[in-house]
Amino acid sequence: MRLYDALGRDYPARMTFEYEEKPSPSRFVDIIWRTHDTSDGTYLAAADACWDMIFIRSAHGNRALLSGPSSMTTPVHYQAGNRNIGIRFHRGTFLQHVRASAMVDTTEMLPMPTDESFRLVDAVWPMPTWETVDDLVAGLEGRGLLSDDPLVLAALRGEDTPVSRRSVQRHVVEATGLSANRIRQIVRARTAAERLQHGESILDVAHDMGYADQAHLTRDLKRFTGYTPRQTTRRDEPI
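Here S117 is to be found in strand β11 (residues 117-120). The class of S117 is buried, set by a relative accessible area of 9%. At a separation of 2.7 Å, a polar atom in the side chain of S117 contacts the side chain of T114. Beyond its immediate chain neighbours, meaning those up to four positions away, S117 contacts P111, M112, V124, W125, P126 and M127.

Right, here's the structure in full:
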């Protein structure tokens, strides 16, 4: 468990939260994370081009959220005492019951028949705990709600595919709601931000990541993460 003290560029109120993450046995999942918010505040979430499910337990009632792939930064407001669990799916994973294009940069609150259950498609699911969240993912897989496309995964890895570029682009947009080029921009900006957080120099990161110059890096980081390279070097919270 790590304690983060986040100071957002446009949000002067400090927020502290405990953060922990773990891997998942599911091939559809990137990471599973949880936080405990120890004060009120706002976290500026970077674009990630991934589907997410987020489960919030608070004194004001529990919530289950479904977030589509994000192409821009999103302010996320937190309240002291909230305990949150998140599932970040791999890029290219999609949910079968809804079109990705309808969920880009969109978060929906799922219906909750009770304070400890939510409805997704035609079934009621229990709100997961840290210990049972993998069971939820397995249940989603078992119902055929999670899927991916080998062509999309290959394209996102930069591999050659046996079909035309136009066909690949169509597959990527259908699966993610975003173009392959936009996803590559997002991934590059996130990777650059992570390297800056680990102490690498701005000039080295700009050169190694293929940016034309430092100004190009600055534009992309502000667009997709909300922070300049220099601000990023001082950030402690996870990207």
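Here we take up the pattern of salt bridges. Counted according to the given criterion, the structure contains nine salt bridges. The salt bridge involving R34 is made with E20; its shortest N-O contact spans 2.9 Å. Taken together, the residues R34 in strand β3 (residues 29-37) and E20 in strand β2 (residues 15-22) connect sequence positions 14 residues apart. Judged by its relative accessible area of 22%, E20 falls in the partly exposed class. Among the ionic pairs, R88 bridges to D30, the shortest N-O distance being 3.5 Å. One end of the pair, R88, is in strand β8 (residues 83-89); the other, D30, is in strand β3, and 58 residues separate them in sequence. Overall, the relative accessible area of 28% leaves D30 in the partly exposed class.

Here five bridges tie strand β5 (residues 52-57) to strand β6 (residues 63-67), and the two strands are oriented antiparallel to one another. Each bridged residue has a counterpart across the sheet, and for M53 the counterpart in β6 is L66. The turn linking β5 back onto β6 is made up of five residues, and G61 within it adopts a positive phi angle of 115°.

Overall, the predicted model of the protein reaches an average pLDDT of 90, with 94% of residues at or above 70. Mean pLDDT in the protein bottoms out at strand β1 (residues 2-6), which sits at 46, and peaks at β11, which reaches 98. In the predicted structure, residues 1-15 sits below a pLDDT of 50 and forms 47 contacts with residues beyond four places in sequence or in another chain.

Bringing the pairing of β3 into the picture now. With seven of its nine residues buried, β3 lies for the most part within the structure. Judged from the seven bridges that link them, β3 and β8 form a sheet pairing that is antiparallel. In the sheet register, T35 faces β8, and the bridge partner there is N84.

Moving on, we come to the packing of aromatic side chains. If you walk through the whole model with that rule in mind, you get one aromatic pair. Directly above the ring of W130 sits K22, whose terminal nitrogen or CZ lies 4.4 Å from the centroid. Against the face of Y211 rests R188, its NZ or CZ located 4.0 Å from the ring centre.

Quick notes on the rules
- Residues numbered from 1 in each chain as written.
- Predicted model: local features only at pLDDT ≥ 70, side-chain atom pairs only at ≥ 80, totals over all residues.
- Heavy atoms only, no water.
- Helix = DSSP H or I, 4+ residues; strand = E, 2+ residues; numbered from the N terminus.
- Buried < 20%, exposed > 50% of the residue type's maximum accessible area, 1.4 Å probe, protein only.
- Polar contact = N/O pair within 3.5 Å; in protein donor to acceptor, adjacent residues only side chain to side chain.
- Contact = heavy atoms within 4.5 Å.
- Salt bridge = Lys/Arg side-chain N within 4 Å of Asp/Glu carboxyl O.
- Pairing = 2+ DSSP bridges.
- pLDDT = per-residue confidence, 0-100.
- Phe/Tyr/Trp six-rings, centres within 6.5 Å; stacked < 30°, edge-to-face > 60°.
- Lys NZ or Arg CZ within 6 Å of the ring centre and 35° of its normal.

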